[in-house]
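Next come the chains, spelled out residue by residue.
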Amino acid sequence: MSDQALCQSQPTPSFLIAEWQRAKEFTLEYLDAMPEDGYNFKPTPEMRTFAHQFIHLAIDNYGFTATITGKPNPYPNSDQTEKDPSLQSRAAVTKFVIDSYDFAINGLASLTAAQLQEKIGKRGLPREQYFFKAFEHQTHHRGQATVYLRLRGVKPPSEKLF
């Protein structure tokens, strides 16, 4: 069997799926930690609200995954989605965000090991590397939310490195 045929028969690396699942659970802890009245809180006028911080995270989970997998993005108009008045409550934001993680996890699971190594996009990076960039993006915005929680007197969830 050739190396290419062997690579194509391997399943998607389970560690990537496990990392996205861990990130989903950690993000849910952040969403649950903020009381409902804190979802419209913004530390300074030019910053996003807590809700918009996570809506932005979710929009990019959808966008990155759609680009990486070729699956249709259910929310292609990010500006319109961010301003959607139905996405302001704790319940609506939480559902939107968790659904975006499911979209990413399912997209990742739909790719073979060989597909993860295929180079795509203007930069010609492997799909797997784009998933790492998407992961970095969601980690960045979840980390920013720590400040929002602290300013509201809420203890952030403990780190989940493992």
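Residues numbered from 1 in each chain as written. Predicted model: local features only at pLDDT ≥ 70, side-chain atom pairs only at ≥ 80, totals over all residues. Heavy atoms only, no water.

The helix and strand tally for the chain stands at seven helices and two strands. Its helices and strands in sequence order give the chain the pattern α-α-α-α-α-α-β-β-α, from N to C terminus. Overall size of the chain, expressed as C-alpha extent along the three principal axes, is 60 × 35 × 25 Å. In the chain, the proportion of contacts linking residues at least 24 apart, taken out of those at least 6 apart, comes to 74%. For the chain, the exposed area adds up to about 8,800 Å²; of that, 55% sits on carbon and sulfur atoms. If you average the places of the 18 positive and of the 18 negative side-chain charges in the chain, the two averages end up 3 Å apart. (Helix = DSSP H or I, 4+ residues; strand = E, 2+ residues; numbered from the N terminus. Contact = heavy atoms within 4.5 Å. Areas by Shrake-Rupley, 256 points an atom, 1.4 Å probe, with all protein chains shown as cover. Lys, Arg positive; Asp, Glu negative; His and termini not counted. Charge placed at Lys NZ, Arg CZ, Asp CG, Glu CD.)

Before going further, it helps to spend a moment on the packing of helix α5 (residues 90-109) against helix α7 (residues 127-151). It is at 12 Å that the axes of α5 and α7 come closest, and there the two elements cross at 160°. When the axis of α5 is compared with that of α7, the two are roughly antiparallel. The crossing of α5 and α7 is left-handed. For the pair α5 and α7, the contacting residues are Y101, A104, G107 and L108 in the first and F131, Q138 and R142 in the second. Tallied by class, residues from the contact of α5 with α7 come to four nonpolar, two polar and one charged. (Axes fitted to C-alpha atoms, helices over the stretch in contact; angles between N-to-C directions. Parallel < 35°, antiparallel > 145°, perpendicular 65-115°, else oblique. Left-handed = near helix turned anticlockwise from the far one by under 90°. Nonpolar A, V, L, I, M, F, W, Y, C, P; charged D, E, K, R; others polar.)

Attention now moves to the environment of D32. With respect to the helices, strands and loops of the structure, D32 is situated in helix α2 (residues 14-33). What makes D32 partly exposed here is its relative accessible area of 43%. Taking the C-alpha atoms as reference points, D32 and R90, separated by 58 residues in sequence, lie 8.3 Å from one another. Leave out the neighbours within four places in its chain, and D32 touches Y39 and R90. (Buried < 20%, exposed > 50% of the residue type's maximum accessible area, 1.4 Å probe, protein only.)

Moving on, we come to the side chain of T49. Residue placement: T49 occurs in the loop between α2 and α3 (50-69). Not counting chain neighbours up to four residues away, the residues in contact with T49 comprise Y39, N40, F41, K42 and Y148.

On average, residues of the chain score 91 in pLDDT, and 93% of them reach the 70 mark or higher. The secondary structure element of the chain with the lowest average pLDDT is helix α1 (residues 3-9), at 45, and the one with the highest is α5, at 97. Confidence drops under a pLDDT of 50 for residues 1-11, and excluding neighbours within four residues, the segment shows eight contacts in the predicted structure. (pLDDT = per-residue confidence, 0-100.)

On to the nonpolar core, then. W20, F50, F54, V93 and V97 are the most contacted members of the largest nonpolar core, which has 40 residues in total. Listed by contribution, the elements that provide at least two residues to this core are α2, α3, α5 and α7. Here this core takes 10 residues from α3, the largest share from any one element. Beyond its immediate sequence surroundings of up to four residues, W20 is in contact with N61, Y101, A104, I105, L108, F131, A134, F135 and Q138. (Core = buried A, V, L, I, M, F, W, Y, C linked by side-chain atoms within 4.5 Å.)

Let's shift gears to the environment of S100. Along the chain, S100 falls in helix α5. S100 gets classed as buried once you look at its relative accessible area, which sits at 0%. Remark: the alpha-carbon pair of S100 and D79, spanning 21 residues in sequence, is separated by 16 Å. The contacts of S100, once residues within four sequence positions are left out, are A58, N61 and Y62.

Moving on, we get to the environment of Y148. Tracing the sequence through the fold places Y148 in helix α7. Residue Y148 is classed as buried on the basis of its relative accessible area of 1%. Along the backbone, Y148 and A18 are 130 residues apart, and their C-alpha atoms lie at a distance of 27 Å. Those residues in contact with Y148, other than ones at most four positions away along the chain, are M34, F41, K42, P43, M47, R48, T49, F50 and Q53.

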